Amino acid sequence: VDRLVLVQDRLAENLDAFGTAIVLSEAIKKLKPFDLILCGRQGSDWDNAQVPQGIAEMMDLPCVTIAQRIEMVGSGLIIHRIVPDGYEVVDVSLPALVTVSSELGEPRYPTLQGIISASSKVPTFWTAADLGLNIDNITQKIRLEDLYVPISKKRCEFIPGEEDAEVGRNLAMRLREEHLI
């Protein structure tokens, strides 16, 4: 890493996905030029996976999600993205935003020289005002009314019968009794 920038401001705390995307997109614009923005798959807080797509939309960038493999080819990327039954191959031009999954590569461990070099780096701190933002720019779009784990009451009923046909008739009778058919 050549540079570390942290946005620290009371206005940038406890934002929803929309507000977070605004703050990050403005910070990235200020850091130009760039070719590739890498984001995690989703945050561990709300687990909604909306911030990277919001950044890409606000910056008018192509966005490829859940990459498990990225290859630089010419002036673009070939990305293998995870889908439910395997993966698909996507070709994207740069600049672009890509979200990565935990399947992408093995973590590299820092060398002693890297650790010493990192300890000498001084972060740059930006406020919302440094990004040209105020409370009107990042007003929350989502209001959380309640957060809870739903209680699930499952009731399982086995329909009796000696043969499949009899079970089917009994099931139909039971559904009719409940006015479901």
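Residues numbered from 1 in each chain as written. Predicted model: local features only at pLDDT ≥ 70, side-chain atom pairs only at ≥ 80, totals over all residues. Heavy atoms only, no water.

1. Quick look at the side chain of Ser101
Checked against the element boundaries, Ser101 lands in the loop between strand S6 (96-100) and helix H3 (112-119). Of the residues examined, Ser101 reaches a relative accessible area of 6% and is grouped as buried. Apart from residues no more than four positions distant in its own chain, Ser101 is found in contact with Arg41, Ile66, Ala67, Gln68 and Ile82. (Helix = DSSP H or I, 4+ residues; strand = E, 2+ residues; numbered from the N terminus. Buried < 20%, exposed > 50% of the residue type's maximum accessible area, 1.4 Å probe, protein only. Contact = heavy atoms within 4.5 Å.)

2. Re the pattern of salt bridges
Evaluation of the coordinates by the stated rule reveals seven salt bridges. Note that Glu71 is salt-bridged to Arg69, the shortest N-O span being 3.0 Å. For the salt bridge of Arg155 with Glu157, the shortest nitrogen-to-oxygen distance reads 3.8 Å. Among the residues examined, Arg155 registers a relative accessible area of 71% and is labelled exposed. Residue class for Glu157 comes out partly exposed when judged on its relative accessible area of 40%. One connected set of salt bridges, linked through shared partners, spans Arg155, Glu157, Arg174, Glu177 and Glu178. (Salt bridge = Lys/Arg side-chain N within 4 Å of Asp/Glu carboxyl O.)

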